[in-house]
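# Understanding the architecture of this molecule
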Amino acid sequence: MMDTVLDMSVVEELLSFADDGDPELVLDLIQMFLDDGPTKVRAVVEGVQTGDFDRAERAAHSLKGSSGNLGAKVLSQICELLQVASRLKRPTEAQMLVPQLQTNYDAAEAALRSLQAKYQQQG
């Protein structure tokens with residue numbers, strides 16, 4: 001289940017950069033994602049709903065980066081699709097992606113919370 005939501009090879013690569021596989025960097029990235037994620041998702045959703053495509057595009061771009069960095073590849077792909085739909089001002093396409101954004105954000109958040117718990121126990 002975890003591997004479909006999170007590409008663990010991305011997380012393992014992040015760990016390999018750290019001294020002795022210290023998970024501090026990964027824990028910091030996860031915490032930033034968890035802190036900012038809901039705000040970014042809301043900005044995308046509200047941007048799409050109100051036709052503020054610049055706002056939606058910026059938030060989708062930011063979330064695409066942070067989710068991609070942590071290996072949340074499906075979420076990152078949906079953010080990319082939303083970014084493009086917003087840039088091209090395609091409201092129907094963007095609105096169809098919003099439920100997928102929320103579902104996949106929730107899945108990534110849950111996976112990252114369990115990863116966070118795992119690494120905190122190690123530390």
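Residues numbered from 1 in each chain as written. Predicted model: local features only at pLDDT ≥ 70, side-chain atom pairs only at ≥ 80, totals over all residues. Heavy atoms only, no water.

Quick look at the confidence of the model for the protein now. When pLDDT is averaged along the protein, the result is 94; 97% of the residues meet or exceed 70. Helix α5 (residues 73-87) holds the highest mean pLDDT among the elements of the protein, 98, whereas helix α1 (residues 2-5) holds the lowest, 76. (pLDDT = per-residue confidence, 0-100. Helix = DSSP H or I, 4+ residues; strand = E, 2+ residues; numbered from the N terminus.)

Another aspect to go through is the packing of helix α3 (residues 24-50) against helix α6 (residues 91-122). At a minimum axis distance of 10 Å, the contact between α3 and α6 shows a crossing angle of 165°. By the angle between their axes, α3 is roughly antiparallel relative to α6. Considering only the axes of α3 and α6, their crossing is left-handed. Classifying every residue of the contact of α3 with α6 by side-chain character gives 18 nonpolar, 6 polar and 2 charged. (Axes fitted to C-alpha atoms, helices over the stretch in contact; angles between N-to-C directions. Parallel < 35°, antiparallel > 145°, perpendicular 65-115°, else oblique. Left-handed = near helix turned anticlockwise from the far one by under 90°. Nonpolar A, V, L, I, M, F, W, Y, C, P; charged D, E, K, R; others polar.)

Negative charge collects at one region of the surface, where Asp19, Asp20, Asp22, Glu24 and Asp28 lie side by side. Relative to the helices and strands, aspartate 19 resides in the loop between α2 (8-17) and α3. The class for aspartate 19 is exposed, based on a relative accessible area of 64%. (Patch = residues over 30% accessible without salt bridge, like charges linked within 9 Å, V, L, I, M, F, W, Y side chains within 5 Å. Areas by Shrake-Rupley, 256 points an atom, 1.4 Å probe, with all protein chains shown as cover. Salt bridge = Lys/Arg side-chain N within 4 Å of Asp/Glu carboxyl O. Lys, Arg positive; Asp, Glu negative; His and termini not counted. Charge placed at Lys NZ, Arg CZ, Asp CG, Glu CD. Buried < 20%, exposed > 50% of the residue type's maximum accessible area, 1.4 Å probe, protein only.)

Now for the packing of aromatic side chains. For any two aromatic rings, the description comes down to two numbers: the centre-to-centre distance and the angle of the planes. Scanning the entire structure with this criterion turns up 1 aromatic pair. Ring plane angle 25° and centroid distance 5.4 Å describe the contact between phenylalanine 33 and tyrosine 105, whose orientation is recorded as stacked. Of this pair, phenylalanine 33 sits in helix α3 while tyrosine 105 sits in helix α6, and the two are 72 residues apart along the sequence. (Phe/Tyr/Trp six-rings, centres within 6.5 Å; stacked < 30°, edge-to-face > 60°.)

Let us look at the environment of methionine 96. Its location among the elements puts methionine 96 in helix α6. Separated by 81 residues in sequence, methionine 96 and leucine 15 have C-alpha atoms that sit 36 Å apart.

The next thing to look at is the pattern of salt bridges. Side chains that differ in charge, positive against negative, can pair when their charged atoms come close. Tallied over the full model, the rule gives 4 salt bridges. Residue arginine 87 pairs with glutamate 57 through a salt bridge whose shortest N-O separation is 3.0 Å. Pair noted here: arginine 87 is in helix α5 and glutamate 57 is in helix α4 (residues 53-69), with a separation of 30 residues, a long-range link. A salt bridge links arginine 113 to glutamate 109; the shortest N-O distance between them is 3.5 Å. Taken as a pair, arginine 113 and glutamate 109 lie in helix α6 at a separation of 4 residues, close to a single helical turn. Look at glutamate 109 and you get buried, because its relative accessible area is 17%.

Relative to the assigned elements, serine 67 resides in helix α4. Setting aside anything within four residues of it in sequence, one finds serine 67 in contact with Phe33, Ala72, Leu75 and Ser76. (Contact = heavy atoms within 4.5 Å.)

Time to look at the nonpolar core. Of all hydrophobic cores here, the largest spans 38 residues; its most connected members are Leu6, Phe33, Leu75, Leu82, Leu101, Leu115 and Tyr119. Listed by contribution, the elements that provide at least two residues to this core are α2, α3, α4, α5 and α6. Sorting elements by how many residues they give to this core places α3 first, with 11 residues. Ignoring any residue separated from it by four or fewer positions in sequence, one finds leucine 82 in contact with Val44, Val48, Ala60, Ala94, Leu97 and Leu101. (Core = buried A, V, L, I, M, F, W, Y, C linked by side-chain atoms within 4.5 Å.)

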